[in-house]
Amino acid sequence: MSANPAPSFGAIIIGDELLSGRREDKHLGKVLELLKARGLRLASVRYVGDERPRLVQTLRESFASGDIVFSFGGIGATPDDHTRQAAAEALGLPLALHPEAEAEIRARFGDEITPQRLQMGVYPVGAEIIPNPFNRIPGFSINKHFFVPGFPVMAWPMVEWVLDQRFAHLHHTADYTEQSVIVWEAFEGKLIDLMEQITADFPESTLFSLPSFGTDTQRRHVELGMKGPASRVAEAMARITAELTHRGYEWEPRAAL
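Described below are features of the structure shown in this document. (Residues numbered from 1 in each chain as written. Predicted model: local features only at pLDDT ≥ 70, side-chain atom pairs only at ≥ 80, totals over all residues. Heavy atoms only, no water.)

### Side note on the nonpolar core
Within the largest apolar cluster, 21 residues are counted, with the highest numbers of intra-cluster contacts made by Phe9, Phe70, Phe72 and Leu163. Counting residues per element, the ones that place at least two in this core are strand 1 (9–14), helix 2 (27–36), strand 3 (68–72), strand 8 (145–148) and helix 7 (152–166). Examining the composition of this core, we find that six residues originate from one element, helix 7, more than from any other. When near neighbours in sequence (up to four residues on either side) are disregarded, Phe9 contacts Leu35, Leu40, Arg41, Leu42, Ala43, Ser44, Ile68, Phe70, Leu163, Phe167 and Leu170. (Core = buried A, V, L, I, M, F, W, Y, C linked by side-chain atoms within 4.5 Å. Buried < 20%, exposed > 50% of the residue type's maximum accessible area, 1.4 Å probe, protein only. Helix = DSSP H or I, 4+ residues; strand = E, 2+ residues; numbered from the N terminus. Contact = heavy atoms within 4.5 Å.)

This is how it looks when you write it as structure tokens:
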């Protein structure tokens, strides 16, 4: 019997300000960096505005996927924050003040506690808290989804905590690698037969091709590569580079990201 496949990671990035261009998203690049440092990969990303019906639908689909998903933004207490409520509706669960979140929020604000501030600890019933090392206002997790604030200074350490405390057993366990070469002055159309043959011969791996039309400082080229199990990728790339050489192409390995 084959081993269970490694779980997929996803991200949901929430906020009207991102879709309107008032702010530029920085979360995607950081999530990629944090996952890669642990030998993990991102399978999907969605951007959603602060519109509750659309958030509910997005979260319903995401919860149903079974993926491990990080959700950024919309968990504050202002009227335009809908993520906590949307998560509860998507799961068909009531909302309630989480006792650990309440303790953290009260410890943070002391005598300045207000009902509005306590609202930030109201989560779908059954959720667990995610510690916030910046200001002690927790995020929450439920059904393999991890909800953190939109502020990078808070969100990124919280994502790291989740990856290291909840998913350390997945770090660097997948047999996966990526390799590619830059094929100078190449056209994709003239390499399709090679791509089709490699795809047929290495079905457990994935071929990718990224053309560039060139700039004032760089020649036209195609980046041609494979991703998948390390041994098969190495074998496929050996076949690819041998054939490129046979066809008279100039090529060079692409530096690893």
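### Overview of the packing of aromatic side chains
In the structure shown here, the tally under the stated rule is six aromatic pairs. Judged by centre distance (5.9 Å) and plane angle (85 degrees), the rings of Phe9 and Phe167 are edge-to-face. Placement of the pair is Phe9 in strand 1 and Phe167 in the loop between helix 7 and strand 9 (177–184), with a sequence separation of 158 residues. Exposure remark for Phe9: the relative accessible area of 2% places this residue in the buried category. On the basis of relative accessible area, Phe167 is assigned to the buried category, the value being 9%. Where Phe70 meets Phe146, the ring centres are 5.6 Å apart and the plane angle is 35 degrees; that geometry is what we call tilted. Of this pair, Phe70 sits in strand 3 while Phe146 sits in strand 8, and the two are 76 residues apart along the sequence. Note on accessibility: Phe70 and Phe146 belong to one class, buried. Ring pairing ties together the aromatic residues Phe9, Phe70, Phe146 and Phe167, which thus form one cluster. Over the face of the ring belonging to Tyr176 we find Arg41, whose NZ or CZ atom lies 3.6 Å from the ring centre. (Phe/Tyr/Trp six-rings, centres within 6.5 Å; stacked < 30°, edge-to-face > 60°. Lys NZ or Arg CZ within 6 Å of the ring centre and 35° of its normal.)

### What about the layout of surface pockets?
Of the pockets and cavities examined, the largest pocket occupies roughly 860 Å³. Surrounding the largest pocket, 28 residues form its lining, Lys36, Arg41, Tyr176, Thr177 and Glu178 being those nearest its centre. Every element with two or more residues in the lining of the largest pocket is listed here: helix 2, strand 9, strand 10 (206–212) and strand 11 (221–228). Counted as a void, the second largest pocket has a volume near 690 Å³. Along the walls of the second largest pocket sit 31 residues, with Gly73, Gly74, Pro149, Gly150 and Phe151 positioned nearest its centre. Broken down by secondary-structure element, the contributors of at least two residues to the lining of the second largest pocket are strand 1, helix 1 (16–20) and helix 7. (1 Å grid on protein atoms, 1.4 Å probe; cavity = no way out; pocket = protein on both sides within 12 Å on 5 of 7 lines; lining within 4 Å. Points joined across faces, edges and corners; volume = space filled by probe spheres on them.)

### Things to note about the pattern of salt bridges
Where charged atoms from two side chains of opposite charge approach closely, those side chains can pair. Counting across every chain of the model gives 16 salt bridges. The partner of Arg38 in a salt bridge is Glu160, with the nearest N and O atoms 3.3 Å apart. Of this pair, Arg38 sits in the loop between helix 2 and strand 2 (42–48) while Glu160 sits in helix 7; the two residues are 122 residues apart in sequence, bridging distant segments of the chain. Through salt bridges that share partners, Arg38, Glu160 and Asp164 make up one connected network. (Salt bridge = Lys/Arg side-chain N within 4 Å of Asp/Glu carboxyl O.)

### What to know about the sheet that holds strand 10
Strands belonging to one sheet form pairs held by backbone hydrogen bonds; the direction of such a pair is parallel or antiparallel. The strand order 10-11-9-12 describes an open sheet built from four strands, whose pairing is antiparallel. Two strands lie at the open edges of the sheet, namely strand 10 and strand 12 (250–253), each paired on one side alone. Direction aside, neighbouring strands of the sheet carry axes that sit 20 degrees apart on average. Pairing analysis gives seven bridges linking strand 10 to strand 11, with the strands arranged antiparallel. When the bridges of strand 11 are listed, Leu210 appears paired with Glu223. Sitting on the sheet, helix 8 (residues 192–201) touches strand 10 and strand 11, and the angle it makes with strand 10 is about 160 degrees. (Pairing = 2+ DSSP bridges. Axes fitted to C-alpha atoms, helices over the stretch in contact; angles between N-to-C directions.)

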